[in-house]
Amino acid sequence: MKKKIAIISGITGQDGAYLAQLLSRENYTIVGLTRSSHNFSTKNFKYLDIKAEILIEECDLLDFSSIIKVLLKYQPDEFYNLAAQSSVGISFEQPIGTINYNTQSVLNILESVRLLQLETKIYQASSSEMFGQVKSLPVTESTPMHPLSPYAISKASGFWIGVNYRESYKVFCVNGILFNHESYLRSPNFFVKKVIRTSLEIKKGLRDELRVGNIDVKRDFGYAPDYVTAMWLSLQQNKADDYLICSGTSIYLRDIITYTMDYLKISKNKLVEDPTLFRPTEMEDMYGDNKKAKTVLGWEYDKSFFDVLEILINEEDKNFI
Ligand code: NAP
């Protein structure tokens, strides 16, 4: 049987690496897009021991012609659009760059596939942040959106571009609406990674404190390697649709810190709550309903986030440098 070809943008990121690992097990030809092949890092692939050859292409998703070239060269079966400025915090500092990149890139990919009349199935990395100020929980696929950050606005725009190309031009575009998902490969500026990493540094005498913003909010967290399975499953369907991918429950950020500090036997007086780090706007609680992904995609997920935390703390400790 002919090998399937998949393009992954943002392949150097957390999800890109786990997805490449999954597609390599499924025997795909994998093409990874990067903004800069000079700064391209193979660190995550080495960490995950990905044996398959990954074909790396430099492709600026803001440059329409680079996308056309790569699509014509590979005529992919699947295109996973994971590249984005993915930090809510950074989006408040760089609102224009975030909104420009995260929306224009989606439009360029969809318009290229439409103009070239390709059958490529597209996965768009949407985010639970799009829902923002919700009036009832759990969040479902039909919850109205009220984004609270430039990042959330950019992802909401990307989401609607995907829906519009699906409805207007029959382009196969799935929006995977993912809640926070964590792993050892998460960038260090994200909350869970920062808590674990800093706590280990405190334990090893390299740092004095863990400084955080508002931790009396609840969020829905999951495990990244399981969440990329849902991405892949969503493109194995005959019909494109939107799916919430989440654990279905929320936990307090404070409880994540308490669990980590207790696990590592660190005194809680190392925790500093700093109001200058509070976000301008924030929801108190947020969790989603994963029923549709479980029933339609056959996705399985039943991990408690405390079990995930234990995996992450041990992995970080084992690889600590
Ligand atoms: P990540 O680790 O931050 O990786 C994002 C990748 O995007 C980077 O490796 C980078 O690759 C590429 N990129 C392209 N343009 C960028 C820009 N202007 N600024 C920064 N990076 C840029 O993200 P992730 O956690 O794997 O998430 C994958 C996707 O899912 C993202 O679109 C994210 O917004 C979305 N998402 C993630 C979560 C989560 O909890 N992780 C939840 C919901 C949605 P190069 O530098 O090689 O080009």
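Residues numbered from 1 in each chain as written. Predicted model: local features only at pLDDT ≥ 70, side-chain atom pairs only at ≥ 80, totals over all residues. Heavy atoms only, no water.

Assigned secondary structure in the protein consists of eleven helices and 13 strands. Here the protein, with 321 residues, has 55% of them falling under the buried criterion. A separation of at least 24 residues holds for 79% of the contacts in the protein among residues at least 6 apart in sequence. Charged side chains of the protein number 37 positive and 40 negative; the gap between the two group centres comes to 2 Å. (Helix = DSSP H or I, 4+ residues; strand = E, 2+ residues; numbered from the N terminus. Buried < 20%, exposed > 50% of the residue type's maximum accessible area, 1.4 Å probe, protein only. Contact = heavy atoms within 4.5 Å. Lys, Arg positive; Asp, Glu negative; His and termini not counted. Charge placed at Lys NZ, Arg CZ, Asp CG, Glu CD.)

Okay, the packing of helix α7 (residues 191–203) against helix α11 (residues 305–318) next. Look at α7 against α11: their axes get within 10 Å of each other, and the N-to-C directions meet at 50°. The pairing of α7 with α11 is recorded here as oblique in orientation. Considering how the two elements wind past one another, α7 and α11 form a crossing that is right-handed. On the side of α7, the interface is formed by Val192, Lys193, Ile196, Arg197 and Leu200, while α11 contributes Phe305, Leu309, Leu312, Ile313, Glu316 and Asp317. Considered class by class, the residues forming the contact of α7 with α11 number seven nonpolar, no polar and four charged. (Axes fitted to C-alpha atoms, helices over the stretch in contact; angles between N-to-C directions. Parallel < 35°, antiparallel > 145°, perpendicular 65-115°, else oblique. Left-handed = near helix turned anticlockwise from the far one by under 90°. Nonpolar A, V, L, I, M, F, W, Y, C, P; charged D, E, K, R; others polar.)

Under the definition given, this model contains eleven aromatic pairs. With 6.0 Å between their ring centres and 40° between their planes, Tyr80 and Tyr123 make a pair best called tilted. On the criterion of sequence distance, the pair formed by Tyr80 in strand β4 (residues 78–81) and Tyr123 in strand β5 (residues 121–127) is long-range, its members being 43 residues apart. Of the two residues, Tyr80 and Tyr123, both sit in the buried class. The interplanar angle of 15° and the centroid separation of 6.0 Å between the aromatic rings of Tyr259 and Tyr263 together place this pair among those described as stacked. Pair noted here: Tyr259 and Tyr263 are both in helix α9 (residues 253–263), with a separation of four residues, about one helical turn. On the accessibility criterion, Tyr259 (21% relative accessible area) is partly exposed. Its relative accessible area of 30% is what places Tyr263 among the partly exposed residues. Each member of the aromatic cluster is reached from another via a ring pair, and the members are Tyr227, Trp299 and Tyr301. One residue, Lys204, lies across the ring of Phe320, its end atom 5.0 Å from the ring centre. (Phe/Tyr/Trp six-rings, centres within 6.5 Å; stacked < 30°, edge-to-face > 60°. Lys NZ or Arg CZ within 6 Å of the ring centre and 35° of its normal.)

Compared with an ideal rise of 1.5 Å per residue, which puts 14 residues at 20 Å, α11 spans 20 Å between its outermost C-alpha atoms and is within 8% of the ideal. Of the positions making up α11, those classed as buried are Phe305, Val308, Leu309, Leu312, Ile313, Glu315 and Glu316. End-on view of α11: buried residues confined to an arc of 165°, all on one side of the axis. Buried residues belonging to α11 abut α2 (43–47), β7 (180–182), α7, β10 (221–223), β12 (251–252) and α9. Its side-chain oxygen 3.1 Å from the backbone nitrogen of Phe306, Ser304 forms the N-cap of α11. (Expected span 1.5 Å × (residues − 1). Arc of directions from axis to C-beta. Polar contact = N/O pair within 3.5 Å; in protein donor to acceptor, adjacent residues only side chain to side chain.)

Here the focus is the environment of Lys73. Structurally, Lys73 is set in helix α3 (residues 64–74). Here Glu57 takes part through its side chain, which lies 2.7 Å from a polar atom of the side chain of Lys73.

What surrounds the ligand is a group of 24 residues, the closest being Thr12, Arg35, Ser86, Tyr151 and Arg186. Taking Arg186, its side chain carries an N or O atom lying 2.8 Å from a nitrogen atom of the ligand. For the ligand, whose free accessible area comes to 890 Å², the fraction covered by protein is 86%. Mapped by element, the contributors of at least two residues to the shell around the ligand are α1 (14–25), β5, α6 (150–169) and β7. Of all the elements, β5 adds the most residues to the shell around the ligand, at three residues. (Near = heavy atom within 4 Å. Areas by Shrake-Rupley, 256 points an atom, 1.4 Å probe, with all protein chains shown as cover.)

The next subject is the domain arrangement of the protein. Per the domain assignment, the segments of the protein are domain 1 (5–181 + 222–245) and domain 2 (184–220 + 249–286 + 303–318). Taking only C-alpha atoms into account, the centre of domain 1 sits 27 Å from that of domain 2. Residue-level contacts link 27 residues of domain 1 with 20 residues of domain 2. Summed over both sides, the interface of domain 1 with domain 2 buries roughly 1900 Å², with 61% coming from carbon and sulfur. At the boundary of domain 1 and domain 2, one finds one salt bridge. Taking the shortest distance from any N to any O, the salt bridge between Lys303 and Asp226 comes out at 2.6 Å. Counting across the interface, domain 1 meets domain 2 through two residue pairs in polar contact (both at pLDDT 80 or more). (Domains from an automatic or database assignment. Buried area = accessible area lost by both parts, 1.4 Å probe. Salt bridge = Lys/Arg side-chain N within 4 Å of Asp/Glu carboxyl O.)

Another aspect to go through is the state of the cysteines. The final tally for this structure, using the stated rule, is zero disulfides. The thiol of Cys246 is unpaired, and the distance to the nearest cysteine sulfur, on Cys173, comes to 19 Å. For Cys246, a relative accessible area of 0% gives the class buried. (Disulfide = S-S within 2.5 Å.)

Take unusual backbone geometry next. Only a minority of non-glycine residues have a phi that is not negative, and only a minority of peptide bonds are not trans. In the segment running from Leu137 into Pro138, the intervening peptide bond is cis, with an omega of 0°. Residue position: Pro138 is located in the loop between β5 and α6. A positive phi is found at Lys265, a non-glycine position, where the angle reads about 55°. By the secondary structure assignment, Lys265 is in the loop between α9 and β13 (271–273).

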